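Each chain, letter by letter, is given below.
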Amino acid sequence: MSEQPSRPRTTGKPHRRPKKDPVRFLAFEVLRAVDERDAYANLVLPPLLRKARASGDFDGRDAALATELVYGTLRRQGTYDAIVAACVDRPLREVDPPVLDVLSLGVHQLLGTRIPTHAAVSASVELARVVLGDGRAKFVNAVLRKVAQHDFDTWVEKIAPPYDDDPEDHLALVHSHPRWIVSALWDSLGGGRAGIEELLEADNERPEVTLVARPGRSTTDELLGEEAAVAGRWSPYAVRLTEGGEPGAIDAVRSGRAGVQDEGSQLVALALANAPLEGPDAHWLDGCAGPGGKAALLAALAAERGAVLLASEKQPHRARLVAKALDGNPGPYQVVTADGTRPPWRPGSFDRVLMDVPCTGLGALRRRPEARWRRKTEDLDGFAPLQRGLLRTALESVRVGGVVGYATCSPHLAETRAVVADLLKQFPDTELVDARPLLPGVPGLGDGPDIQLWPHVHGTDAMYLAIIRRTG
């Protein structure tokens, strides 16, 4: 099978102009942005959907289909690539990336949706004619007809090794995660096959939109008035939109009185705010505050106690996002643009410190499925010095008797317990606080004293939190 360049037809029937399908064309545009510019779908897709709906090209069902095509394709990209590789006569690296994107969209429609086979193939071929030309459309047609000969489970049986022969490679292909991520998640989770399979399956589910009612500015009762809104599972400030929707259309979100914030992120802020202190409770620090979700919740909680939050962020554009999130907070606060490893404040200035450090983001693969294909094991080495440097700053910034929350949206042991253990050795006048009682009613928090949340257990991102107290 070969992929031929498009040629103009000179004989036979008149050449039919391909018909542009706006839904599939938009999905293709997003995949190209993800591939060419390392963009994130959750940033590229919403404005394109708004533009399409404003122009009259899309209705709600079209937007839902485009969203499913984009995220479903990205989540299963590794498995779909392996299936396509079994249907072509050359290495995938020799197939042009735009062709692979059209093929992946087609494979997802065939194997991951209820779209009828003939419709999935014909729509994909028509998209190929629009964006690639007739010659490559024939190539797409031939490949997808081979793919359509089997369902997803049959294809997995063909391309994945048996579990008993190679458990990690089997799980990687069945659940479409890179092998090294499967291994890392399994190490962090512990246990047998059932737990890791549940976690990987949860990573491939579309997450609900979760809102936070910022104290003193909004209430959950207000947000529960929205369509298909239900109370959060664990956070008293959380409201889930069970059917998705456009949060920006909600007045409380548009005005900043509420925000979009995963419930795991809310729980991290709440745990730090609930940690017992020895002495005053007047000065709080969010030392790595961008884009501002945790800072806004912490500032509101601080205001209820008469405390002041200082929110620090190194990147100016992210610091502006923090300032926007905090605008309207009921109590005093301050936002500064500063490098958390070279802080402008004096040591021992704060009673509570949150340091939510940059990381690989392996805990948020539900929301950014493309990240799983971009991240490499060597990225851990790049983050390690920064994570340790920021936690060092946090421990130096808190007073004796105060508490530090070290948080990260990754369950990888190299980014969680290894960092905490290293810094506790460097700061012998510290102790780990059992964080589990700080989140009453939340089950499955492990053996402690730190906390690891999980998508398949808690319905949240896989947030990690350790609470550390300065003792001397």
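What you see is a predicted model, and the numbers here were worked out from it, not measured in a lab. Each chain carries its own residue numbering, running from 1 in the written order of its sequence. Residue-level local features of this predicted model are given only where pLDDT is at least 70; pairs of side-chain atoms are given and counted only at 80 or more, and the full residue set underlies all totals for whole chains, interfaces and linings. Values shown for side chains rest on all heavy atoms present in the structure; no hydrogens or waters enter the calculation.

S.K.: I'd like a rundown of the overall build of the chain, residues and numbers included.
M.R.: In this text, helices come from DSSP runs of H or I with a minimum length of four residues, and strands from runs of E with a minimum of two, each type numbered from the N-terminal end. Counting its secondary structure elements, the chain contains 20 helices and 12 strands. For the chain, the C-alpha radius of gyration of 25 Å lies close to 23 Å, the compact-globule estimate for 472 residues. Overall, the chain is about 85 × 50 × 40 Å in size when its C-alpha atoms are taken along their principal axes. Three labels apply to residues, based on accessible area from a 1.4 Å probe with only protein chains included: buried if under 20% of the type maximum, exposed if over 50%, partly exposed otherwise in between. Expressed as a percentage of the 472 residues in the chain, the buried residues total 53%. Contacts between residues were defined by any pair of non-hydrogen atoms, one from each residue, lying within 4.5 Å. The contacts in the chain between residues at least 6 apart in sequence include a share of 73% that link residues at least 24 apart. The reference for a compact globule is 2.2 Å times residues^0.38; the radius of gyration itself is calculated from the C-alpha atoms.

S.K.: Now, about the pattern of salt bridges: what can you tell me, with residues and values included?
M.R.: Throughout this description, the term salt bridge denotes a Lys or Arg side-chain nitrogen within 4 Å of a carboxyl oxygen of Asp or Glu. Going through the model one piece at a time under the given rule, you end up with 32 salt bridges. D379 is the salt-bridge partner of R375, the closest N and O atoms lying 3.6 Å from each other. Among the ionic contacts, a cluster of salt bridges with common partners joins R32, D35, E36 and D101.

S.K.: Tell me about the sheet that holds strand β2 (residues 229-231), residues and numbers included.
M.R.: Strand order across the open sheet formed by 4 strands is β2-β3-β1-β4, with antiparallel pairing between neighbours. Sheet topology places β2 and β4 (258-260) at the edges, where each strand pairs with a single neighbour. On average, each strand axis in the sheet is tilted by 30 degrees relative to the strand beside it, whichever way the strands run. Where β2 meets strand β3 (residues 238-241), 3 bridges bridge the pair, whose relative direction is antiparallel. Each bridged residue has a counterpart across the sheet, and for V230 the counterpart in β3 is R240. Convention adopted: a line fitted to C-alpha atoms gives each axis, helices being fitted over their contacting stretch, and angles between N-to-C directions are expressed from 0 to 180 degrees. Strands in contact with helix α14 (residues 263-274) are β1 (209-213) and β3; relative to β1, the strand with the most contacts, it is inclined by about 30 degrees. Whether two strands pair depends on DSSP finding at least two bridges between them.

S.K.: Residues and numbers for empty space enclosed by the protein, please.
M.R.: Only protein atoms enter the 1 Å grid used here. Points where a 1.4 Å probe fits but cannot escape make up a cavity, open sets with protein on both sides within 12 Å along at least five of seven lines make up a pocket, and a residue lines them when an atom lies within 4 Å of a point. Grid points are joined across faces, edges and corners, and a volume is the space filled by probe spheres set on the points. Scanning the entire structure with this criterion turns up 1 cavity of 30 Å³ or more. In this structure, the largest cavity spans a volume of roughly 30 Å³. Lining the largest cavity, in full, are G264, L267, V268, L439, I451, L453, M463 and L465. Among the elements that make up the lining of the largest cavity, the one with the highest residue count is α14 (3 residues). Each residue gets one of three labels, nonpolar for Ala, Val, Leu, Ile, Met, Phe, Trp, Tyr, Cys and Pro, charged for Asp, Glu, Lys and Arg, and polar for the others, Gly among them. Of the residues contributing to the lining of the largest cavity, the split by class is 7 nonpolar, 1 polar and no charged.

S.K.: Quick rundown of the pairing of β3? Include the residues and the values.
M.R.: Taking every second residue as pointing to the same face, both faces of β3 are buried, with A238 and R240 on one and V239 and L241 on the other. Between the antiparallel neighbours β2 and β3 lie 6 residues.

S.K.: Can you tell me about helix α7 (residues 134-147), naming the residues and giving the values?
M.R.: For an α-helix, the turn length of 3.6 residues means that residues three or four places apart are oriented alike. The end-to-end C-alpha distance of α7 is 20 Å, a good match for the 20 Å that 14 residues give at a rise of 1.5 Å each. Packed against the buried residues of α7 are α4 (77-85), α5 (97-111), α6 (117-131) and α8 (152-159). A helix is expected to span 1.5 Å multiplied by its residue count minus one.

S.K.: How would you sum up the side chain of T73? Please name residues and give values.
M.R.: Along the chain, T73 falls in helix α3 (residues 60-75). Residue class for T73 comes out buried when judged on its relative accessible area of 0%. Contact partners of T73, with chain neighbours within four places excluded, come to L31, E68, Y80, S104, L105 and H108.

S.K.: Provide a residue-level description of α3, including the pertinent values.
M.R.: Counted at 1.5 Å a residue, the expected span for α3 with its 16 residues is 22 Å, and the 22 Å between its end C-alpha atoms agrees. All of the buried residues along α3 are A63, A66, T67, L69, V70, Y71, G72, T73, L74 and R75. The elements touched by buried residues of α3 are α1 (22-37), α2 (41-55), α4, α5, α11 (193-203) and α17 (371-374). Regarding α3, its N-cap is D59, as a side-chain oxygen of that residue lies 3.1 Å from the backbone nitrogen of R61 further along. Think of a polar contact as two N or O atoms within 3.5 Å of one another; within protein, one of them needs to be a possible hydrogen donor and the other a possible acceptor, and neighboring residues in sequence only count if both atoms come from side chains.

Geometric descriptors of this kind do not, in isolation, establish any biological role.
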